[in-house]
Amino acid sequence: MAGPTVVWDCAAAGVSGAECRLPPPCRAPGADRPSGLVGGMENQGVPPGPYRATRLWNEVTTSFRAGMPLRKHRQHFKKYGNCFTAGEAIDWLYDLLRNNSNFGPEVTRQQTIQLLRKFLKNHVIEDIKGKWGSENLDDNSQLFRFPANSPLKTLPRRHPELRKNRIENFSKDKDSIFKLRNLSRRTPKKHGLHFSQENAEKINCEIINEDQENSVDNREISQKDVEEAWRYVILIYLQTILGVSSLEEVINPKQVIPQCIMYNMTNTSKHGVVILQDKSDDLPHWVLSAMKCLANWPRSNDMNNPTYVGFERDVFRTIADYFLDLPEPLLTFEYYELFVNILGLLQPHLERVAIDALQLCCLLLPPPNRRRLQLLMRMISRMSQNVDMPQLHDAMGTRSLMIHTFSRCVLRCAEEVDLDELLAARLVSFLMDHQQEILQVPSYLQTAVEKHLDYLRKGHIKNPGDGVIAPLPTYSYCKQISAQEFDEQKVSTSQAAVAELLENIIKNKSLPIKEKRKKLKQFQKEYPLIYQKRFPTSESEAALFGDKPTIKQPMLILRKPKFRSLRY
């Protein structure tokens, strides 16, 4: 039985012919198929932009169809070609997802099965008889194959008139954001947001006129100026961290509410957790008590709490039910695209970038949401690291259970997306590991806003015609080095510290001679190479104590007497 021919509709997927990763002519399943993870998806990343979850779906399905090994199988005394078993598909896709930076090693086998069921429902695959549309797929030897039609999802295309209106509205938003006189004097190339030439000339004319009138007098700062400064600064920093030319496709400026940022920055406890003025927005008391109980287990389990078998599971189920019943995820539907785009920074060499970007994005949340997120992440992080925590699930470890349970209540789309569960699990896993850094208040942001307001108040201007003011606070990163360089630096730094310790022993005048000799002998035993480098000869060692080197006399070699025979 010949294998089905695959028709790849690049245009339907929103991919141009130049961007199509498959070599022409478009291949059929199994034709010229290299082994391993085809297309190097584990090293590729979907760039930031709108509908990133849909583009990730297309990336996964493309890699799966191109790389899944096909062969002949026998079932019910019949032979079928170009097919695979459910178990084979689970094994291959499981490795693919775990090696992909968008999903990571936290992906479970059960999540892989769920994704394959969605493949069957969306006709990415079909059973050997051509049936699809259900989610009837388990980890067994049932046979499946690829259908002839394209599995790629069509990216939504905005109507030209709607896009024109959006651009016009975005320009108006930008004008309102950057209308702070001194904050808007940087050229568009420097801050990466695009003005038209006509608007730029108009702004420059206004700046020159205003500068001539107000070059000396200080300007009074209004509350609106303060709010716009917060919005401006956080957008500039976010754009710089993400390294994008524009935030237009990631977030709408109207979504940035300065009041939320200011509240999250200032109304915090000593641990950085948001304190709500309106207690009706806070978590119920019984939820807070339950979370505190599990976060501090077993220390918090005093004599007043029940001690029956399974008590911890009941408390955990109570907390999970509360968060899963919330009408909206903690990161809100509004910021779904923003956080999904940051998921593409979650790679080992970009870990610092991801932490800083998430730190800023979490400041955009409404204060009640940020507080719930902080308390939840603190609880599940402590629980996953607590070796005394009883087993809360028969088949899952504590960490996997935390991710599986709470990922959906942290991130999900208003319109169901097939990769929601995997994307949310990846984000929750990263938040758990770095929650202390991500959910703390960044002090540099407050400093940057104060500096901008000071520029605005004092009118510091140089050469008004070119529109340049004191530079924006810059964001820089440490230079990346190779693993070999890191190991060499680690060794050299350690050796320098040990050599410094030796010098301290040598120069310590309050140390008795006998004790100093003892410590040096111990040091020589532990670090012979460093000791030999410091004291290459016995003379240099003796000079430390003012002793003359002892020269051992050569031993006398006595000739053995010859015994003569008694016989003559």
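Relevant structure appears above.
Now for a description of the structure that goes with this document. (Residues numbered from 1 in each chain as written. Predicted model: local features only at pLDDT ≥ 70, side-chain atom pairs only at ≥ 80, totals over all residues. Heavy atoms only, no water.)

**Comments concerning the overall build of the chain**
(1) Moving on: The number of helices and strands found in the chain is 20 helices and 4 strands.
(2) Moving on: Residues classed as buried in the chain amount to 44% of the 568 residues present.
(3) Moving on: Counted over contacts in the chain with a minimum sequence separation of 6, partners at least 24 positions apart contribute 69%. (Helix = DSSP H or I, 4+ residues; strand = E, 2+ residues; numbered from the N terminus. Buried < 20%, exposed > 50% of the residue type's maximum accessible area, 1.4 Å probe, protein only. Contact = heavy atoms within 4.5 Å.)

**Quick word on the state of the cysteines**
(1) Moving on: Throughout the structure, instances matching the rule amount to 0 disulfides.
(2) Moving on: The cysteine Cys361 is free of any disulfide, with Cys362 supplying the nearest cysteine sulfur at 7.0 Å.
(3) Moving on: With a relative accessible area of 0%, Cys361 lands in the buried category. (Disulfide = S-S within 2.5 Å.)

**A word on the environment of Ser381**
(1) Moving on: When you line up the elements, Ser381 lands in helix α13 (residues 367–385).
(2) Moving on: With a relative accessible area of 5%, Ser381 lands in the buried category.
(3) Moving on: Residues contacting Ser381, with those up to four places away along its chain left out, are Met432 and Gln435.

**So, the environment of Leu115**
(1) Moving on: Mapped onto the elements of the fold, Leu115 is located in helix α3 (residues 109–121).
(2) Moving on: For Leu115, a relative accessible area of 2% puts it in the buried group.
(3) Moving on: Here the alpha-carbon distance between Leu115 and Ile90, two residues 25 residues apart in the chain, equals 9.3 Å.

**Considerations on helix α12 (residues 351–363)**
For an α-helix, the turn length of 3.6 residues means that residues three or four places apart are oriented alike.
(1) Moving on: For α12, spanning 13 residues, the distance from its first C-alpha to its last is 19 Å, which sits close to the expected 18 Å at 1.5 Å a residue.
(2) Moving on: Of all 13 residues making up α12, 11 are buried, and the element is well covered by its neighbours.
(3) Moving on: Residues of α12 that are buried include every one of Val353, Ala354, Ile355, Asp356, Ala357, Leu358, Gln359, Leu360, Cys361, Cys362 and Leu363, and no others. (Expected span 1.5 Å × (residues − 1).)

**Focus: the sheet that holds strand β1 (residues 71–75)**
Backbone-to-backbone hydrogen bonds pair the strands of a sheet. The strands run either parallel or antiparallel.
(1) Moving on: One open sheet accounts for 4 strands, arranged β1-β2-β4-β3; its pairing is antiparallel. The open sheet has two edge strands with one neighbour each: β1 and β3 (126–127).
(2) Moving on: Examined bridge by bridge, β1 and strand β2 (residues 78–85) share 4 bridges and lie antiparallel to one another. Considered in β2, the bridge of Arg74 is made with Lys79. (Pairing = 2+ DSSP bridges.)

**Observations concerning the pattern of salt bridges**
(1) Moving on: In this structure the tally under the stated criterion is 15 salt bridges.
(2) Moving on: A salt bridge links Arg145 to Glu126; the nearest nitrogen and oxygen atoms lie 2.9 Å apart. Of the two residues, Arg145 is situated in strand β4 (residues 143–145) and Glu126 in strand β3; the sequence distance between them amounts to 19 residues. Both residues of the pair, Arg145 and Glu126, belong to the buried class.
(3) Moving on: One salt-bridge network, held together by shared partners, links Asp91, Arg109 and Asp139. (Salt bridge = Lys/Arg side-chain N within 4 Å of Asp/Glu carboxyl O.)

**Regarding the pairing of β2**
(1) Moving on: Remark: 2 residues form the turn of the hairpin made by β1 and β2, two consecutive strands paired antiparallel; His76 in that turn has positive phi of roughly 55°.
(2) Moving on: Pairing between β2 and β4: 2 bridges, direction antiparallel. For Thr85, the partnering residue across the bridge sits in β4 and is Leu143.

**Concerning the side chain of Gln435**
(1) Moving on: Note on placement: Gln435 falls in helix α15 (residues 420–438).
(2) Moving on: A relative accessible area of 15% places Gln435 in the buried class.

**Describing the nonpolar core**
(1) Moving on: Membership of the largest hydrophobic core comes to 116 residues, with the highest contact counts inside it found for Phe64, Phe119, Ile125, Phe323, Leu376, Met377 and Phe406.
(2) Moving on: Here Phe323 is in contact with Leu283, Met291, Leu330, Arg372, Leu376, Phe406 and Cys409, once residues within four sequence places are set aside.
(3) Moving on: Core analysis: the next-biggest nonpolar cluster, separate from the first, contains 11 residues, Leu502, Ile506, Phe523 and Tyr531 among them. (Core = buried A, V, L, I, M, F, W, Y, C linked by side-chain atoms within 4.5 Å.)

**Considering the side chain of Ser407**
(1) Moving on: Structurally, Ser407 is set in helix α14 (residues 398–410).
(2) Moving on: Those residues in contact with Ser407, other than ones at most four positions away along the chain, are Met402, Glu421, Ala424, Ala425 and Val428.

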